[in-house]
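So the chains spell out like this:
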Amino acid sequence: MNKITTSILAVVLTSSIAMVNAQTQSDSLRTQDIREVVVTGALGLKKRQDAVTSTNQVVNNAEITQANNPNAVQSLTGKVSGLQINTTNNSVNSSTRVVLRGPRSISGNNQALVVIDGVISTLDILQNIPPEIIDNMNIIKGMQGAALYGERGSNGVIVVTTKRGTKSEKLQFNLTSSIDFSTVFKMPLRQKLYGQGYPGDTFDTTDYGGANWTPYENTNWGPAYSSVLGGQSLIVGMPQADNSWLRETFSYKKDGMSNFFKTGVLIQNGLSVTAGGSDSYVFLSVNRAENDFVVDKDNLKRNNFILKAGKQLGKFRIDGNVNYLDRRTSTTDSNLYGQLLQTPTNVDVRQFRNSLPDASYSIYTVNPYWTIDNDRANTKDRIFTGLINMEYKLNDHISFTYAGTAVSGSSIQESHLNAFAFDRIYDGTDTPIDGTSPVDYGLDPIVSNYYKTVSSNFRYYGDIMANFDYNLTDDLNFRFNVGHNIQDASTSTTQVGGQNLKIPGWYHINNVLQPDLFSRLDNSNTRQRSFAWFANIDLGYKDFLYFNSTFRYEKSSLTSVNPVTIQGVQLPFSNKGYPYYSFGASFIPTKAFESIKGNVLNYAKVSLNYSRVGNSSTIGLYGLDRVGAFPTGYPFGSLSSYLPTTTIFAQDIEPEFYLSKEASLQLGFFKDRITFDGSIFRNDNKNFITTISTSSASGITNFQDNIGNSRNKGYELDLGMTPFKTKDFEWKIRGSYSTYDTEILSLADGADEVALYNSTTTNVGIFAVKGESFPVIKGTRYQRDPNGNIIVNANGNPLSTSNFEVLGKVNPDYILGFSTSFKFKGITLSATADYRTGNSFVSLAKESLGSTGASEKTAEFDRSKGYIIPNSVQLVNGQYIANTTPVGNDDTYFGVMNYFTTAAYSSIGEEFVVDGTALKVREIALSYDLPKSILKSTFVNSLSIGVYARNPFFIYAKDNRNFNDPETANTTGNAGGIAVTGQYPSMRTFGFNFNATF
Amino acid sequence: MKNNKFLITILAAALSFTATSCSNDYLDVNDNPNAVQAEQITPELMLPGAISQAYRTQAGTMMQFGNLMMNSWAGNSYTIAGPYSREFSLSSVDNTFYRGIWEGLYPRVANFDQMEKFTNNNHEQDYYIAIAKIMKAYYMQYIVDLYGDAPYNEAFMGQQNTTPKYDNDADIYKILISKLEEANALIDAADDNALEPVSDIVFHGDMDKWKALSNTIKLKLLVRMSKVTGDLATYRNTKLQTLATATFIDEEVVVNPGYSASSDDQMNPYILNWARNASGQQVSNYSVVVVSEHMANALEGNVILNSANYTKFTGLKDPRRTRLFTNVTSVDSNGNPFTGLKGVRQGNVPGQPGVPVDNVNTSKLGVGNFAGGNTPASTWTQIIDHNNGRGGVLFSKSESNLLQAEAALRWPAIFSFSPATKFNVAIIANATWLGANTTNAAWTTYITGIAARPGLGWTGTDIQKIEAIMTQKWIALTNINPTEMFIEYNRTGYPFTPMATTAQFPNKPYRLMYPNSEYAANSANVPNISSADVFVKNQYTPFWNQN
């Protein structure tokens, strides 16, 4: 059978029936028929959607800007199947992780490549481009579509095309303006029964049900609100500077913690001007965003200027683009949230907004209000991007193109922390604290510091290409591109700073009494280069059969080795190049066989592809070079010392190779009123690179090499429907289901797992484990009997497994995406939501709330009678019997407190693994376009106003008591899945916008 | 055609750039310009860093571990919730418990191994290699004493072997002893080409002292084997014989690369960890660490507890007490206040015995630990300067002398010197280091007092003399090298050391669990032991303590 199919295919390819050239070009996406759309793919090569042989999805401007998200990347969330965007850290300049179809690399970069106007760019630049100037984003999910980018394209590509001139020669202005308001929501739920205090505390020795009351505790191990203290007005915190005390009723304060956050305000204004026609145009955009964050004084100011112009001069065409981004952010240390989490339940933190750290609500925490004022980092970034596209058409068949970009960036960061000595001696309060000083409570004095980091970077990217376009026969179109690519990136960073500012409030290196040694600071230069030869072939038979193949041969400086033996003998330089290639084909039966096409099925397309690409990003810059580092404190005067670094790369390391296969099917029914897109893929990662932590006894602690194989596979289903479509009313729904799984097939000999991250707070970490999904959360687990009950020891304390076990996976089993829009005359209502399940995350906020007696779990029983682990059992004479022993074999309040505040509670990793299931409504937007008839007599061409909400509703899994947003992670790297206490909660945003052209 | 020219110019420029970019020169930019190349690191450059970095572990993790295990320190539970609860309850002596000892020492032992294997043309590196062998033996012994079997023969090979096999602990001991003998041979050879070890931050190139230290470490290894039997006992006795006329170290062996208060990193890690930072501000450990009730009572002559367990101390106040810990208003067993040490009972919280709520005073670490007898020491700036100036104690004179005293007591046929003399020298050495007055009446009272007290001074049976050595060693190593004392306590069972009130086991652990890094990265080789295994004597207990 195989042979016959092949021969038929060969016949088809060589037959010559007269047909129009299928690959007609059009620049605009606003073609009426969605199937005729021309999309921009890798290296700026444009193709009709039919000719695209791997899966992609185009998101246009209207969808990106519907809810005015200032971050174009975040606005894709929930809209593209297979694209997972996690906002890992909420801040004034939030960070995101963008992964297409799940991770392939364990240690290397898994984030999608960003290409803006034909040249490689960065996620950071994309996140700072005003979304309204983006014409469309083509998300290339299939690896084959990105194979032309070689190593850089191994994780899929987001091809961004910014707006160009309109067809009309008229000068056109476009004004956009929006303002929105954010508030934190989903603050952790806390128990409502017990307040500040501690059993055995000496401040007030009165016994209240086994506990003592202390006004300055950071814990809620104090009296119950139902005790005689409940409802009384009591002193709280430490005495203020004038030795007076603040007072608070001893009762649960619902908003005691969330009152810390204010309403954030984001204002965006943009004006763009376009002029010109098809052979010459100018486009200017000026955009300003001001973001005032929910944490007081944290703000961002961003100005973006873009000037684009193009001109056709006979056979020569030139397009240029200059972008200047100026961004200033001012932030405090987000670790203040960890301090805020220790607000006792009877305290309204706002009372302490003017209190010094020695007069805060607790003597064991640093007042977060003080942190806001005294711990600040200000960053000023300037990024200048110049981009040029040139084309010279020799004749109808041959052209030469050049696409190049040079990006020059600079960043100045200054941070300071003011000192606080904690040397006050409390006096005259007539309480036991008289004569004590904050340092007696174990507080480290806060030593002032100042750091300044200046860095500059330069990046060049250039493609030079020769393009050939021939009709070999009337039916067979042949396009061939061959080219060469150069990339060169360099950075330089200088840092100064140190501790102890002589004159408070003067932030300058000249005021630093104890400057840090240069060896401790970041003073570095880096350089990375690569070059590649590449070729692309497109064959089109009539308008229904397409074939594409790409080839790239690439060499990168990352794999350059310039070895010198330890004896100082120079060995030959080596650098190996690697070939990457791909094949793909698409077939449109509804065009090949007119008979199939009918009223029911109006469109069908199948495509298949295969690619082999590599990823060298996993090899660290200079990783192959063996170097030494200063031990702590060196050099001491003229005595210097170096020790060899303990992280080592194998000298013969190779890029990891992804062998990718993909098949997809697209169907359109009832004139595309119902569309279906399905694709299935498998990526085999051969010889992935990872760092294995080694036995310390080997003398090195980490070793990086090609050590294993993994497989990433999955599928995506997209269903689009337009149930109603009349002149005035249209309702569209789009739903998607995407799933993927990355499995570790093999690891290095002798290793079953690789730790990516180990928590220092509890026994849990993020691992790659042989035979398991990647990445997984591993940690110690409660020992359980066959019925799943927790086994406790004779003292009533739970037993934990001594080894780490798999506790959950970081990535969801599947993601459901849903979006809809209603249009009625000028009114549009749109919404986007997604649902993720099957994933887990580690919440260190849960640990903090537990040990401070604030979590609900700590108050689900009467503390004065001790805590018997619910449903626990003891092993007695080989039998599991119901346990009646309270923790620590102590049936008092003290026993409960002792359990939750010590390793007995905090060391069992399983306790802090939380179900990450979440249903999130990401965007709801309502807009109204004023009818043209009203605007007719004015100079305004179009006017729309709208209201919108981002993140209006989240529903978490039952066991996630709002500990954290499941997307929160302390890294945008691969070791996600751990939310630390220094990460702010989620925010919901409501706003309105205004848009006019004239 | 104007455009064409323009294009050709650009194409030509682009192509020439392309042409140059295809050469290897273009890609030869992968030598890290930000760090020293590994091949440029000579033993001279490696030595000071390896020594001072290893000492950081000794002055940090090991200081806390030993002092808590020996019930010398307690946590200030008056102001801190549940301090050191893990060490007191011993409920989770698991693979994260003090893993910093293993993970801190092993990479440094590897550095000494790298020096040992460095190309040695014409005996240039002889002295560096000798020092490396001695330091390697010193720290490797702690690995064996705290963990038993450990990687050695396959260890330190870097990427050539990231999963080294475990070796028998007794075999490692023998290798360490041979390393010390090799070091002495290299020093004795005194090759003319041997470079002066100019970067020696311990003895500043005095190789005779290194040899004496080498002998002392060898004696320590052999004395540790006091209980072994059979072939190992024969081996021990043979090796002891080689030390019969050896010179042992008789001074405080200190590490000092040039500590100063110019930044935290350049501070002596000892004072930085436990008292003050480079700005002279109190660090949090200083308020957490207080003397334990046990130690306070022993040093205060049993006036606090008036317990039968402390009879040998009764009425005899140790003059070193206020150098080790600060004087506060304490309360004796009759409720009468006195000025002296006031501790906290390990494991208890205010309101419980040993932590009365009507006397919240606690004795913190004393100035003597940091400044010794140096004056003036009235401000912390001065104390910091003294501590930086005198460096960190790698091996104390007192320990050396007590070790010799025990050797001479156990094997009088081999060692002809007087154990009693060594015993007395050790006590004076310790008092001197702490800055106690050794010429006044209080001192005389103490010295003459202990001489009549079995278990505390040099009198009574041999067993009582061992107890006396261990009791004095406990005091002498407190705040100096207490982990050594903890190991000695496990070997001898002396001195009397109460468990914390919250202890969930009847005794201290006989060893530590291998750290979780071994279970994660070397799972095929690491012995699979449980937390319960460390509290009983079994095949996992270090070989010298299995009986």
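Summarised in this report is the structure supplied together with it. (Residues numbered from 1 in each chain as written. Chains lettered and ligands numbered in written order. Predicted model: local features only at pLDDT ≥ 70, side-chain atom pairs only at ≥ 80, totals over all residues. Heavy atoms only, no water.)

What follows concerns the interface of chain A and chain B. Reports of interface size often rely on the accessible area that becomes lost once the parts have come together. Across the boundary between the two partners, chain A contributes 94 residues, which contact 99 residues of chain B. For the pairing of chain A and chain B, the buried interface totals around 8100 Å² over both sides, and the portion due to carbon and sulfur atoms is 57%. Ranking the residues of chain A by area buried against chain B places A:Tyr622, A:Phe636 and A:Ala697 at the top, with a combined share of 7%. On inspection of chain A and its partner chain B, the count reaches one salt bridge. At the junction of chain A with chain B, the criterion picks out 37 residue pairs in polar contact (both at pLDDT 80 or more). For the side of chain A that touches chain B, the secondary structure elements donating two or more residues are strand S17 (375-393), strand S19 (449-471), strand S20 (476-501), strand S22 (524-541), strand S23 (545-556), strand S27 (643-644) and strand S28 (647-649) of chain A. The element best represented in the side of chain A that touches chain B is S22(A), accounting for eight residues. Split by residue class, the side of chain A that touches chain B holds 42 nonpolar, 42 polar and ten charged. (Contact = heavy atoms within 4.5 Å. Buried area = accessible area lost by both parts, 1.4 Å probe. Salt bridge = Lys/Arg side-chain N within 4 Å of Asp/Glu carboxyl O. Polar contact = N/O pair within 3.5 Å; in protein donor to acceptor, adjacent residues only side chain to side chain. Helix = DSSP H or I, 4+ residues; strand = E, 2+ residues; numbered from the N terminus. Nonpolar A, V, L, I, M, F, W, Y, C, P; charged D, E, K, R; others polar.)

Moving on to empty space enclosed by the protein. Residues and elements named next belong to chain A. Considering all chains together, one arrives at 17 cavities of 30 Å³ or more under this definition. Quantified by volume, the largest cavity comes out at close to 590 Å³. What lines the largest cavity is a set of 36 residues, among which Asn69, Gln74, Asn90, Ser94 and Arg950 lie closest to the centre. Elements represented by at least two residues in the lining of the largest cavity include exactly helix H3 (123-128), strand S10 (172-184), strand S13 (264-276), strand S14 (280-292), strand S15 (299-313), strand S44 (918-929), strand S45 (942-956) and strand S47 (987-997). Tallied by class, the residues present in the lining of the largest cavity amount to nine nonpolar, 18 polar and nine charged. (1 Å grid on protein atoms, 1.4 Å probe; cavity = no way out; pocket = protein on both sides within 12 Å on 5 of 7 lines; lining within 4 Å. Points joined across faces, edges and corners; volume = space filled by probe spheres on them.)

Under the counting rule described, the total for this entry stands at 70 salt bridges over all chains. For A:Asp358, the salt bridge identified is with A:Arg424, shortest N-O distance 3.5 Å. Separated by 66 residues along the polypeptide, A:Asp358 in the loop between helix H5 (336-340) and helix H6 (368-374) and A:Arg424 in the loop between strand S18 (398-417) and S19 bring together distant segments of the chain. Just as A:Asp358 is buried, A:Arg424 falls in that class too. Note that B:Glu116 and B:Lys136 form a salt bridge whose closest N and O atoms lie 2.8 Å from each other. (Buried < 20%, exposed > 50% of the residue type's maximum accessible area, 1.4 Å probe, protein only.)

Think of a pair of aromatic rings as described by two things: how far the centres are apart, and how the planes are tilted against each other in angle. Counted according to the given criterion, the structure contains 77 aromatic pairs over all chains. With a centroid separation of 5.2 Å and an interplanar angle of 25°, the aromatic rings of A:Tyr737 and A:Tyr814 are classed as stacked. Here the residue A:Tyr737 occupies a position in strand S32 (residues 729-746), and A:Tyr814 occupies one in strand S38 (residues 814-824), the gap between them amounting to 77 residues. Three or more aromatic residues joined by ring pairs form one cluster here, namely A:Trp221, A:Phe861, A:Tyr867, A:Tyr899, A:Phe900, A:Tyr905 and A:Phe912. Taking the ring centre of A:Phe767 as reference, the NZ or CZ of A:Lys778 above it sits at 5.7 Å. Lying over the aromatic face of B:Tyr235, B:Lys174 brings its terminal NZ or CZ to 5.2 Å of the ring centre. (Phe/Tyr/Trp six-rings, centres within 6.5 Å; stacked < 30°, edge-to-face > 60°. Lys NZ or Arg CZ within 6 Å of the ring centre and 35° of its normal.)

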